[in-house]
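Coordinates in review
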Amino acid sequence: MAQLLDIAAVRERLRRRFQRQRGDWLDGGGDWPWSIPLGLPTENTVLANLDAVRRWADTWRAWEGLGSVQWTERRWRRAGVQRLPERLRLDGPEQVAGWLEQGPAWRQAQQRHTLLIQHHPALAHAANRHYDWLAQVPDADFQRLFALLDWLAAHPHSGLYLRQLPITGLDSKWAEAHRALLTRLLRALRGVTEGDLLMLAGLRREPRRLRLLDPALRSAVGGLEDLSAPVEQIAALPIRPRRVFIVENLRSGLAFDDLPDTVVFMAQGYAVDAYGDIPWLQDATVFYWGDIDTHGFVILDRLRHHLPQARALLMDEATLLAHRELWSHEEDPASAYELEHLSTEEQALYTRLKEDHWRAGVRLEQERIAWRWAWPRVIEAHT
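The rules behind the values
Residues numbered from 1 in each chain as written. Predicted model: local features only at pLDDT ≥ 70, side-chain atom pairs only at ≥ 80, totals over all residues. Heavy atoms only, no water. Helix = DSSP H or I, 4+ residues; strand = E, 2+ residues; numbered from the N terminus. Rg over C-alpha atoms; globule rule 2.2 N^0.38 Å. Buried < 20%, exposed > 50% of the residue type's maximum accessible area, 1.4 Å probe, protein only. Contact = heavy atoms within 4.5 Å. Pairing = 2+ DSSP bridges. Axes fitted to C-alpha atoms, helices over the stretch in contact; angles between N-to-C directions. Polar contact = N/O pair within 3.5 Å; in protein donor to acceptor, adjacent residues only side chain to side chain. Parallel < 35°, antiparallel > 145°, perpendicular 65-115°, else oblique. Nonpolar A, V, L, I, M, F, W, Y, C, P; charged D, E, K, R; others polar.

Some details on the overall build of the protein
A count of helices and strands for the protein gives 18 helices and 11 strands. Relative to its length of 383 residues, the protein is extended, with a C-alpha radius of gyration of 29 Å against a globular reference of 21 Å. Taken along the three principal axes of its C-alpha coordinates, the protein extends 100 × 50 × 35 Å. Across the 383 residues of the protein, 47% fall into the buried class. Counting contacts in the protein only where the partners sit at least 6 residues apart, residues at least 24 apart contribute 67% of the total.

Digging into the sheet that holds strand β2 (residues 68-76)
The antiparallel open sheet is built from three strands, whose spatial order is β1-β3-β2. This sheet does not close on itself; its edge strands, each paired only once, are β1 (34-37) and β2. Within the sheet, the average angular offset between the axes of one strand and its neighbour, ignoring direction, is 30 degrees. As paired elements, β2 and strand β3 (residues 80-90) share nine bridges and run antiparallel to each other. Residue pairing across strands places R74 opposite Q82, the latter belonging to β3.

Remarks on the sheet that holds strand β4 (residues 208-212)
Read from one edge to the other, the open sheet built from six strands follows the order β5-β4-β7-β6-β8-β9, with strand pairing classed as mixed. Where the open sheet ends on each side, the last strands, each with one partner, are β5 (226-229) and β9 (311-312). With four bridges joining them, β4 and strand β7 (residues 262-266) adopt antiparallel strand pairing. Looking across to β7, one finds that L210 is bridged to F265. Lying over the sheet, helix α18 (residues 371-382) contacts β6 (243-247), β7 and β8 (285-289), oriented at roughly 160 degrees with respect to β8.

Looking at the side chain of D291
Looking at the secondary structure, you find D291 in the loop between β8 and α15 (294-306). Only 2.8 Å separates the side chain of D291 from the backbone nitrogen of Q366, close enough to count as a polar contact. Those residues in contact with D291 that lie beyond four places of it in its chain are E248, G296, M315, R363, L364, E365, Q366 and E367.

A look at the packing of helix α5 (residues 103-119) against helix α8 (residues 139-154)
Taken N-terminus to C-terminus, the directions of α5 and α8 make an angle of 10 degrees; their axes are 11 Å apart at the nearest point. The angle between α5 and α8 places the two elements in the roughly parallel class. For the pair α5 and α8, contact is made by R112, L115, L116 and H119 and by D139, F142, F146, L149 and D150, respectively. Its residues assigned to classes, the contact of α5 with α8 comprises five nonpolar, one polar and three charged.

Below is the structure:
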């Protein structure tokens, strides 16, 4: 029997079209009205499947949803006169969204998209690619983005640090969590196809802070142990350490004792991209020690884009479960479900954290781990 599209089949067809084209529809794209053939049967089909055809027609006759059904009358010699649903007509994307019970989300995305391009017409195409974000994020996030774009458009070369910008609620964690969105929009705003977030925003890069844990390394820089300097200056240091630790928390890095041929970077959070600009890191054995939470694994994944040899330290399930009494709560977990550069074990732990396997928002901050537990494992990794 020829396929007769019932309501469920039409909804599935609309869902696929909505997924593919909703971004273009935000900007007024699409050919409307959209007419969907419902699978008008032949006389032979009616005769061979009379009950099924009647149920199909009755379903559409009782339907009271969005759009309009166009009916046709067939006069057949054997099947007689039959009034059958021929097509469903939809007049615009809001009706498609309504079919999918996404009407409010669609309207919110459309309103936000319209507001963005009214202020910044260059963003029209780039914003189309972020329908989910425009449809779903809390209003505070959208207002933060809107204020940031307005400020950066008016001050393209401020030379400020991100934390200095006069925008309520803006911090480095928020910016890093939305890095892909911000980078794409700023490229469109600037009319370029390359450039990272800070360069596009005209902002100053945070200095790197590191400690040289070997007297021989310190002698190469006038005996200094604790340094804070721009990445370019760090890259130019006349040192070649064999082992490098990158730790998320400042106090953890300050607690390190001397270790041969070793340095430790501290307190950079998400700002790990710049490590790819330090040539002497490429040949070093690199360890990353961050919080055991979803953002800690996202940072590890990002670091491995630039230093694929980086190994995780104290970011395993055994460490997590050994410190249950020290767990805190992660308020805003990372959004990604699959991270390209994690090992099988790391991805499994990340997934358990995402899925609230133990409880909602489990987080073990690295500085909560007792030093008598952590330091022997640092020594073991070093050797």
